[in-house]
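Residues per chain, in single letters:
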Amino acid sequence: MSAAAVGLPTVLRIAVLASTAAEQNRLAMLVGQCGHQLVEPAASPDAILTDGTAAAILPAVAVAVGAVDGAFAGRLPSDAGAAQVDAALRAVAAGLTVRTTAPLPRNFESLTEEEPALLTPREIEVLAALGNGFTNKETARLLGISPHTVKFHIESLFRKLGVASRAEAVVKGMRQQIVEF
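Residues numbered from 1 in each chain as written. Predicted model: local features only at pLDDT ≥ 70, side-chain atom pairs only at ≥ 80, totals over all residues. Heavy atoms only, no water.

Chemist: Tell me what's going on with the overall build of the chain, and back it up with residues and numbers.
Modeler: If you tally the helices and strands in the chain, you get six helices and five strands. Mapped from its N terminus to its C terminus, the chain presents α and β elements in the order β-α-β-β-β-β-α-α-α-α-α. Relative to its full complement of 181 residues, the chain shows a buried share of 45%. Across the chain, contacts joining residues at least 24 apart in sequence account for 59% of those joining residues at least 6 apart. (Helix = DSSP H or I, 4+ residues; strand = E, 2+ residues; numbered from the N terminus. Buried < 20%, exposed > 50% of the residue type's maximum accessible area, 1.4 Å probe, protein only. Contact = heavy atoms within 4.5 Å.)

Chemist: Break down the packing of helix α3 (residues 121-131) against helix α6 (residues 166-175) for me, with residues and values.
Modeler: At their nearest, the axes of α3 and α6 sit 9 Å apart, and the two run at 115 degrees to each other. As summarised for this structure, α3 and α6 are arranged roughly perpendicular, according to the angle between their axes. Viewed along their axes, α3 and α6 form a crossing whose handedness is left-handed. Residues L127, L130 and G131 of α3 touch α6, and the partners they reach there are R166, A169, V170 and G173. Residue classes in the contact of α3 with α6 are distributed as four nonpolar, two polar and one charged. (Axes fitted to C-alpha atoms, helices over the stretch in contact; angles between N-to-C directions. Parallel < 35°, antiparallel > 145°, perpendicular 65-115°, else oblique. Left-handed = near helix turned anticlockwise from the far one by under 90°. Nonpolar A, V, L, I, M, F, W, Y, C, P; charged D, E, K, R; others polar.)

Chemist: Would you mind going over the pattern of salt bridges in detail, with residue names and values included?
Modeler: Per the counting criterion, the structure on display carries four salt bridges. Among the ionic pairs, D86 bridges to R90, the shortest N-O distance being 3.0 Å. With D86 and R90 both in helix α2 (residues 82-93) and four residues apart, the pair spans about one turn of that helix. Of the charged contacts in the structure, one is a salt bridge between K160 and E123, with a shortest N-O distance of 2.9 Å. Taken together, the positions of K160 in helix α5 (residues 147-161) and E123 in helix α3 put the pair 37 residues apart, joining distant regions of the chain. A relative accessible area of 37% places K160 in the partly exposed class. Look at E123 and you get buried, because its relative accessible area is 4%. (Salt bridge = Lys/Arg side-chain N within 4 Å of Asp/Glu carboxyl O.)

Chemist: Let's hear about α3: which residues, and what values?
Modeler: E123, V126, L127, A128, A129, L130 and G131 are the residues of α3 that are buried. G133 sits one or two residues past α3 and shows a positive phi near 80 degrees.

If you want it as structure tokens, here you go:
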């Protein structure tokens, strides 16, 4: 199931808020590397990319060193690359929360070398729905199955992908190119 099939655009509209012009330019360049459209904050963006010091409205991804003040839907280290920023922006635009719990590897792209998880077609559909921020009930309605069956598929996804949250499952699914958003 593609991103378009469940309503998420392939190119997101991203606003950038930063405390300095240099940081604004750096974040804008990251948005360009991700292949997204840079828009003004007043233009109803899908997500906001900030350095963590600028006041932001959700959904926002803060790319900063150390603790970030305020409530952000996503947090990444300051050396986050385009692949990490892209995954976080897509997850946040889909209504998910992104948080790093451990330092991320510098070479994020090398993680695509891992063996992809072997998922059933239904698990892939459930993973795509997770990536679009659907609840279990919404996913059940979309796929014509019960919420209990959706819960079963999510537990199976977590086990097969080796993750503990919906956001981790989506990011790992994107990294392994199981789903696209």
